[in-house]
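In case you want the letters, here they are:
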Amino acid sequence: MNKLVVSSSPHIRTDSTTRRIMLDVLIALLPTAVAGTVIFGIKALWVMLVCVGFSVLSEFLFNLITKHTQTVGDLSAAVTGLILALNLRADAPLWQCAVGAVFAIIVVKCLFGGLGCNFANPAVTGRIFIMICFATTVGGGMMPTVVDLASSATPLEIMKGDTVNGLPSLPDMMLGLRGGAIGEVCAIAILLGFAYLVYRGVIHFETPLIFIGTVFVLSLIISSDLTLSLYHVFSGGLLFGAVFMATDYVTTPITRSGKMIFAFGCGLITVLIRFFGTYPEGVSFSILLMNILSPYIEKWTAKKPLGGKK
Amino acid sequence: MPRFMLGTTRVPHRKNTAGIQAVRIPAPATVTLPMSQHIGAPAEPTVKVGDAVYVGTKVGEAQGFVSSPVYSSVSGKVKKIEPYLSSNGRSCHAVVIESDGQMTPDPSIAPPVITTLDEFICAVRESGVVGLGGAGFPTAVKLEAEKKGIIKKIIINGAECEPYITSDTLTMTVDSAYVKKGVETLMSFISADETVIGIESNKPRCIDEMRRVFEGNGKVRVEALPSTYPQGAEKILIYNTTGRVVSEGGLPSDVGCLVMNVTTVAFIAKYLETGMPLVEKCITVDGSAIKNPMNVIAPIGTSIEEIIQFTGGYRADPAKVLYGGPMMGVAVYSTDYPIMKNTNAIVALSEKEAKPKEQHNCIHCGRCVSACPIGLNPTLFARAMKVGDSSERADRLTEAKIGLCIECGCCSFVCPSARPLVETNRLAKADLRNQQAKK
Ligand code: SF4
Ligand code: SF4
């Protein structure tokens, strides 16, 4: 008989794998990616290809050069690339997209030790990096190519004057017929992805719900205008950020109650920035700020173990 | 009683052998009887090479308070007494007996006469019984707590939460009369208010049968537990049946509970009737490498290989063979190892299942945190173990409550990145022990 394997218990494990989870996220992003391409045209596809390509390539080369185990197979680099792309305008210069992707992967992820070791969300940080370096790529948004819209401003920029005049209709907002980044405009596609992620058990439904709910309720309290509050929910990167970026495992608290506090904090900061800050959009900043607070929230929300003495 | 129940991990049940009668295997040619088949001090051999022994002849005497005697499981001659290294690395002696194939019982065997609690505990001690659910803790030692009059609740563990294993299921269905007798005997010596029998709800037949035999006994409650792992873990079982919490470093008796495996209880009843000590075990033989999964009754000390061959051998090359179930069982180096008192299953896994899952970095998904029935955060232990400074490491491990980990395996089971969490926890515990010993 051949030699028996001797190893520590348990001797069986679930079928769920990290690669499968990442694949599920990619699948959940698919409707949004398709909608973005339909709405903004082939240019959007190029942005996605460049971001994903450079993300995967830079992680591959980093591992090769530093002689680390190759990790591109876990698909997390592809996820980061795609989320980053969906955060950019379809007419973003491709070289800027590439720079953002390399920054997200190398500086934010690999230099901290790779998957699971980064404290900030690479895609969020990549987006903010591009926004600061090349103001045009993120701020504002390219107009959909499938319809003619009069204004070139995004809804949030219009709303900065606390008015809903000149905004696309709410149904148009749901479909994504408005200015904005590739992935953030089509609410229906994002919600489809949300449903898939919850169905697959990849994320808990609370995080996006609390994030979005907080923004809605606080907007309502501040403006006492139901329509305006609804516009706040559907505009900017709120839906996309709440579903795909505030639910990132690595950079959010590990406890379920911690995740809820995290989501609430994101909503609060988003509203503060939108109503009182100088930037029209607050989702990325709020997520980044909460990423930094995440370890502390995790500590506060640690469960009391059964039989644990103080 | 609606209460929030702990233990939520869904492991596969694979109870293929449930409802199949156990088959007794013929006398093996030899049996190997390790002197340490329990938690505590190993027994000391009381026989010499060449001595004639019978089924039930004492071959090892208990040493000290936490220990247990060992009896011959066949009739024949003592062939040798050799050093023995158990599969978990402990060394002791083993008595090897060559069987004459007759299985003649020791003529001196007679039912014990018991009237007092002391006599009862003494009889339990002499029966050689230990926790048959797998723990292997000498049962008599647990009963000692009753001398101080602190036991208020007797909890009978019929959860059988490990995949594959059905030997307790058999006890509860086929030997239900003995379970009843055992519980009644316990209740007569122990002044407990109540006995709770905890059974996972995936065994409705066991629940029905237990409810039937205890019908009309107001002091016995059969509690259906969720069929999620690890219902049978002592602390979880106590919480889920009584709401009581055993605190860190404490014993069930601290909260007035006595936990006994259902097969242990049935065995005690049989012993009191016949006087035959613990010499054979009902064992579930299953796993993806086993051709005919079944339950067998085999003399203690029979080799794993012999038992597997009796059931019809392998379906596929075994790559990993376990004492016990796949969640907490111990992998053996060779199938020459004997089955022991606390062995309740032999699980042989094929190449495909034994192959380690691909490891990734921890992705901080929180599945292990949600899965831990105790409410620990296993990622903290893994992180603490990376700290170089030994005293800081110790502080971090203590703060994260490593001492509470029951090594149930839930965290490792659910981890999508296949992190070796339980393994790390074992290393961490050993690390902490070493450092405390140095001080
Ligand atoms: S092995 Fe320990 S840490 Fe892991 S789930 Fe069980 S009790 Fe929790
Ligand atoms: S389950 Fe595994 S990957 Fe997830 S947090 Fe725990 S150790 Fe990390």
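Criteria and cut-off values
Residues numbered from 1 in each chain as written. Chains lettered and ligands numbered in written order. Predicted model: local features only at pLDDT ≥ 70, side-chain atom pairs only at ≥ 80, totals over all residues. Heavy atoms only, no water. Near = heavy atom within 4 Å. Helix = DSSP H or I, 4+ residues; strand = E, 2+ residues; numbered from the N terminus. Nonpolar A, V, L, I, M, F, W, Y, C, P; charged D, E, K, R; others polar. Core = buried A, V, L, I, M, F, W, Y, C linked by side-chain atoms within 4.5 Å. Buried < 20%, exposed > 50% of the residue type's maximum accessible area, 1.4 Å probe, protein only. Contact = heavy atoms within 4.5 Å. Buried area = accessible area lost by both parts, 1.4 Å probe. Salt bridge = Lys/Arg side-chain N within 4 Å of Asp/Glu carboxyl O. Polar contact = N/O pair within 3.5 Å; in protein donor to acceptor, adjacent residues only side chain to side chain. Pairing = 2+ DSSP bridges. Axes fitted to C-alpha atoms, helices over the stretch in contact; angles between N-to-C directions. Domains from an automatic or database assignment. Parallel < 35°, antiparallel > 145°, perpendicular 65-115°, else oblique. Left-handed = near helix turned anticlockwise from the far one by under 90°. Phe/Tyr/Trp six-rings, centres within 6.5 Å; stacked < 30°, edge-to-face > 60°. Lys NZ or Arg CZ within 6 Å of the ring centre and 35° of its normal. Right-handed = clockwise from strand over helix to strand, strands pointing away.

Enquirer: Could you give an account of the site of ligand 1, naming the residues involved and the relevant values?
Expert: Residue and element names in this part refer to chain B. As a structural note, the neighbourhood of ligand 1 is formed by 13 residues, with Cys 372, Cys 405, Cys 408, Cys 411 and Asn 425 the closest of them. Looking at the shell around ligand 1, the elements with two or more residues in it are helix H13 (410-414) and helix H14 (421-438). Along the lines of polarity and charge, the residues of the shell around ligand 1 split into ten nonpolar, two polar and one charged.

Enquirer: I'd love a proper account of the nonpolar core, names of residues and values included.
Expert: Residues and elements named next belong to chain A. Of all hydrophobic cores here, the largest spans 82 residues; its most connected members are Phe 211, Phe 244 and Ile 287. Per element, the largest residue contribution to this core is ten residues, and it comes from helix H1 (residues 18-40). Every residue in contact with Ile 287, bar those within four places of it in the chain, is listed here: Val 124, Phe 211, Gly 241, Met 245, Ala 246, Phe 262 and Cys 266.

Enquirer: Kindly report on the interface of chain A and chain B, identifying the contributing residues and their values.
Expert: A common way to express how large an interface is: the accessible area buried when the components associate. Contacts between the two partners involve 43 residues from chain A and, on the opposite side, 65 residues from chain B. Contact between chain A and chain B buries roughly 4200 Å² in total, counting both sides, with carbon and sulfur atoms accounting for 56%. Area buried by chain A at its contact with chain B is led by A:Ile12, A:Arg13 and A:Leu306, which between them contribute 19% of it. Viewed at the interface, chain B and chain A are joined by two salt bridges. The partner of B:Glu358 in a salt bridge is A:Arg19, with the nearest N and O atoms 3.1 Å apart. At the junction of chain A and chain B, the tally comes to 24 residue pairs in polar contact (both at pLDDT 80 or more). Considering every element that reaches the side of chain A that touches chain B, the biggest residue donor is H1(A), with four residues.

Enquirer: Please provide a residue-by-residue account of the site of ligand 2, values included.
Expert: Inspection of the region around ligand 2 gives A:Ile254, B:Cys362, B:Ile363, B:His364, B:Cys365, B:Gly366, B:Cys368, B:Thr379, B:Cys415, B:Pro416, B:Arg419 and B:Leu421 as its neighbouring residues. Site remark: ligand 2 is flanked by residues from chains A and B.

Enquirer: Before we move on, could you go through the sheet that holds strand E11 (residues 220-225) of chain B and cite the residues and values that matter?
Expert: Each strand in a sheet pairs with another by means of backbone hydrogen bonds, the pair being arranged parallel or else antiparallel. Residues and elements named next belong to chain B. With respect to topology, four strands assemble into an open sheet ordered E11-E10-E9-E12, the strand pairing being parallel. Of all the strands in the sheet, the pair left with one neighbour each is E11 and strand E12 (257-261). Each adjacent strand pair in this sheet contributes to an overall mean axis angle of 25°, direction not counted. Of the strand pairs in this sheet, strand E9 (residues 153-158) and strand E10 (residues 194-200) are connected by six bridges, and their pairing is parallel. By the bridge assignment for E10, Gly 158 is matched with Ile 199. Seen against the sheet, helix H4 (residues 176-189) touches E9, E10, E11 and E12 and runs at an angle of roughly 160° to E9.

Enquirer: Please provide a residue-by-residue account of the domain arrangement of chain B, values included.
Expert: All names here are of chain B. Examined at the domain level, chain B breaks down into domain 1 (117-274) and domain 2 (367-438). Using only C-alpha atoms to locate each centre, domain 1 and domain 2 end up separated by 30 Å. Contact residues are listed per partner, giving six residues for domain 1 and eight residues for domain 2. Interface area, domain 1 with domain 2, both sides summed: about 590 Å², of which 71% is carbon and sulfur. Looking only at domain 1, the three residues that lose the most surface to domain 2 are Tyr 229, Lys 235 and Glu 248, adding up to 66% of its buried area.

Enquirer: How would you sum up the pattern of salt bridges? Please name residues and give values.
Expert: Residue and element names in this part refer to chain A. On inspection of all chains with the given rule, the structure shows 29 salt bridges over all chains. Note that Lys 109 is salt-bridged to Glu 59, the shortest N-O span being 2.7 Å. Here the residue Lys 109 occupies a position in helix H4 (residues 94-109), and Glu 59 occupies one in helix H2 (residues 42-65), the gap between them amounting to 50 residues.

Enquirer: Help me get a handle on the side chain of B:Asn295, residues and values and all.
Expert: Residue and element names in this part refer to chain B. Note on placement: Asn 295 falls in strand E14 (residues 294-299). For Asn 295, the side chain forms a polar contact with the main-chain oxygen of Thr 17, separated by 3.5 Å. There is a polar contact of 2.9 Å between the side chain of Asn 295 and the side chain of Thr 166. The contacts of Asn 295, once residues within four sequence positions are left out, are Thr 17, Ile 20, Gln 21, Ala 22, Val 23, Thr 166, Ser 167, Leu 170, Cys 282, Ile 283 and Thr 284.

Enquirer: Please provide a residue-by-residue account of helix H11 (residues 238-245) of chain A, values included.
Expert: Burial within H11(A) is extensive, with eight of its eight residues counted as buried. Buried within H11(A) we find A:Leu238, A:Leu239, A:Phe240, A:Gly241, A:Ala242, A:Val243, A:Phe244 and A:Met245.

Enquirer: Please set out helix H3 (residues 167-174) of chain B residue by residue, giving values where relevant.
Expert: One turn of an α-helix holds 3.6 residues; hence residues three or four places apart share an orientation. Of all eight residues in H3(B), seven are buried; the element is thus mostly enclosed. B:Ser167, B:Asp168, B:Thr169, B:Leu170, B:Thr171, B:Met172 and B:Thr173 are the residues of H3(B) that are buried.

Enquirer: Give me the packing of helix H9 (residues 206-223) of chain A against H11(A): which residues, what numbers.
Expert: Residue and element names in this part refer to chain A. One way to put it is that H9 packs onto H11 with a least axis distance of 8 Å and a crossing angle of 155°. Viewed along their axes, H9 and H11 adopt a mutual orientation that is roughly antiparallel. H11 is crossed by H9, and the crossing has right-handed handedness. Residues Pro 208, Phe 211, Ile 212 and Val 215 of H9 form the contact with H11, whose own contacting residues are Leu 238, Leu 239, Gly 241, Ala 242 and Val 243. When grouped by side-chain class, the residues that make up the contact of H9 with H11 number eight nonpolar, one polar and no charged.

Enquirer: Explain the environment of A:Gly36 residue by residue, including any values.
Expert: All names here are of chain A. Residue position: Gly 36 is located in helix H1. By relative accessible area, Gly 36 is classed as buried at 1%. Distance from Gly 36 to Glu 184, taken between C-alpha atoms, is 8.4 Å for residues 148 residues apart in sequence. Beyond its immediate stretch of four places on either side in the chain, Gly 36 contacts Gly 41, Ala 44 and Ile 182.

Enquirer: Describe the side chain of A:Ser235, listing the residues and the values that go with them.
Expert: The topology assignment puts A:Ser235 in the loop between helix H10 (226-234) and H11. Within the structure, A:Ser235 has its side chain in polar contact with the backbone oxygen of A:Tyr231 (distance 2.6 Å).

Enquirer: A description of the packing of aromatic side chains should follow, citing residues and the corresponding values.
Expert: Residue and element names in this part refer to chain B. Here the structure, examined in full by the defined rule, presents eight aromatic pairs over all chains. Measuring from ring centre to ring centre gives 6.1 Å for Tyr 84 and Tyr 337, while their planes differ by 80°; the resulting arrangement is edge-to-face. Separated by 253 residues along the polypeptide, Tyr 84 in strand E7 (residues 76-85) and Tyr 337 in the loop between strand E16 (330-331) and strand E17 (345-350) bring together distant segments of the chain. On the basis of relative accessible area, Tyr 84 is assigned to the buried category, the value being 10%. For the pair Phe 267 and Tyr 271, a centre-to-centre distance of 6.2 Å together with 25° between the ring planes defines the contact as stacked. Linking Phe 267 with Tyr 271, this pair stays in helix H7 (residues 262-274), spanning four residues, or about one helical turn. The two residues Phe 267 and Tyr 271 agree in class, both being buried. In this structure, Lys 270 is placed above the aromatic ring of Tyr 178, and the distance from its NZ or CZ to the ring centre is 5.4 Å.

Enquirer: Hey, could you go over the pairing of E11(B) for me, with residue numbers and the actual values?
Expert: Residue and element names in this part refer to chain B. With five of six residues buried, E11 is to be regarded as a mostly interior element. Two elements, E10 and E11, share six bridges in a ladder whose sense is parallel. For Gly 198, the partnering residue across the bridge sits in E11 and is Glu 223. Taking the sense of rotation as the criterion, the β-α-β connection linking E10, helix H5 (residues 204-213) and E11 turns out right-handed.

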